[in-house]
Amino acid sequence: QEYTALKLRVKEWAPDAEAAIKGKVPAGADVFFVPATLRPETMYGQTCCFVGPKIKYGVFKISEKEFYVITDRAARNMAFQGIFPKNGVYEKVAEVLGADCVGTLVNAPLSIHKQGVRILPMESVLPTKGTGVVTSVPSDSPDDYATVIDLAKKADYYKIKKEWAELEIVPIIKTPSYGDLTAPFLVKKLKIASPKDTKQLEEAKELAYKEGFYQGIMVFGDFKGDKVEIAKPKVRQQLIDAGEGFAYSEPERKVVSRSG
Ligand code: ZZB
């Protein structure tokens, strides 16, 4: 899988995360949450960034000035892709639990929400995929839409401020079948009531990917009017050129062998 890794710079730490990294990251250095995405063209619509509350993350040193928050597994992969200064070597300076990061304010490149977006919990984040950090685009990802609705509904239970989950969702991509807010449309159409409706969410995701990629037209950003197919690599290159993203690939996951 060829992902785009995105650099979300920490503007303000949640208190427990701040305590965990205290004295371990030099003053003045930037720390980034680094989600891996297959949809760089949707980055305008980021409204938050998810971590698995029970997942343990490492804070890895890229240089004196830059540190990444990702899983150990992702750091190991990155170390063999020229992302760390020395091939195969990845230095971990601190560890932090996903739950302790909740509430941290980060700057999300290209997002319309220039004041920053919050780190929020998502139970279904897989520690074995990507970087274990997932940027949230509720306009175009059914999983993300179902999750932000649930987070806002049960803000107290999740120990978050309701407004952190309620940043405005704007149209980024238009398709003939689903209009300009694909994820909300599909969540409604498939009667998805919560993030626990995993089977319908899987189906919604497949539909959203297909329709978005082959029929989608950008309705926001520098490539407004272009087909998604055309805009995708251009947005990706912009992010890379701006130093706000980089290529990250992951060895194909093992596929369960088919019977017989
Ligand atoms: C932003 C985004 C916007 C994404 C969108 C999708 C969509 P896939 O689809 O299963 O091959 N992701 C990345 N890492 C993880 C993880 N560790 N656990 C759970 N989800 C993860 O996986 C790729 C997508 O799954 C990534 O692309 C990321 O969400 C999420 F509008 O990033 B995406 C229709 C999907 N739309």
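Residues numbered from 1 in each chain as written. Predicted model: local features only at pLDDT ≥ 70, side-chain atom pairs only at ≥ 80, totals over all residues.

**Points about the sheet that holds strand β2 (residues 8-12)**
Working step 1: Ordered in space as β8-β6-β7-β3-β2-β9-β10-β5-β11, the nine strands form an open sheet in which the pairing is mixed. Across the chains shown, the open sheet's two edge strands, defined by having one partner strand only, are β8 (91-97) and β11 (133-136). Here the average twist between neighbouring strands, direction ignored, is 35°.
Working step 2: Bridging between β2 and strand β9 (residues 105-107) involves three bridges; their strand directions are antiparallel. Looking at the pairing, Val 10 lines up with Val 106 of β9. (Pairing = 2+ DSSP bridges. Helix = DSSP H or I, 4+ residues; strand = E, 2+ residues; numbered from the N terminus. Axes fitted to C-alpha atoms, helices over the stretch in contact; angles between N-to-C directions.)

**Re the pairing of strand β5 (residues 48-51)**
Working step 1: Of the two faces of β5, both are covered, the one formed by Cys 48 and Phe 50 as well as the one formed by Cys 49 and Val 51.
Working step 2: Across four bridges, β5 lies against strand β10 (residues 117-121) in parallel orientation. In the strand pairing of β10, Val 51 is matched with Pro 121.
Working step 3: When β5 meets β11, the two strands line up antiparallel, connected through four bridges. By the bridge assignment, Cys 48 is partnered in β11 with Ser 136. (Buried ≥ 20, exposed ≤ 12 C-beta atoms within 10 Å, placed from the backbone.)

**Points about the site of the ligand**
Working step 1: Looking at the ligand, there are 18 residues lining it, with Thr 37, Gly 130, Asp 140, Ser 141 and Ala 208 nearest.
Working step 2: Listed by contribution, the elements that provide at least two residues to the shell around the ligand are β4 (36-37), β11 and α6 (198-215).
Working step 3: At three residues, α6 tops the list of elements feeding residues into the shell around the ligand.
Working step 4: Broken down by class, the residue content of the shell around the ligand amounts to eight nonpolar, six polar and four charged. (Near = placed C-beta within 6 Å. Nonpolar A, V, L, I, M, F, W, Y, C, P; charged D, E, K, R; others polar.)

**Section: unusual backbone geometry**
Outside of glycine, negative phi angles account for most residues, and trans bonds account for most peptide bonds.
Working step 1: Of note in this structure, Leu 110 is not a glycine but carries a positive phi near 75°.
Working step 2: Leu 110 sits in the buried class, given 21 other C-beta atoms within 10 Å.
Working step 3: The phi dihedral of Lys 191 is positive, around 55°, even though this residue is not glycine.
Working step 4: On the secondary structure map, Lys 191 appears in the loop between α5 (182-189) and α6.

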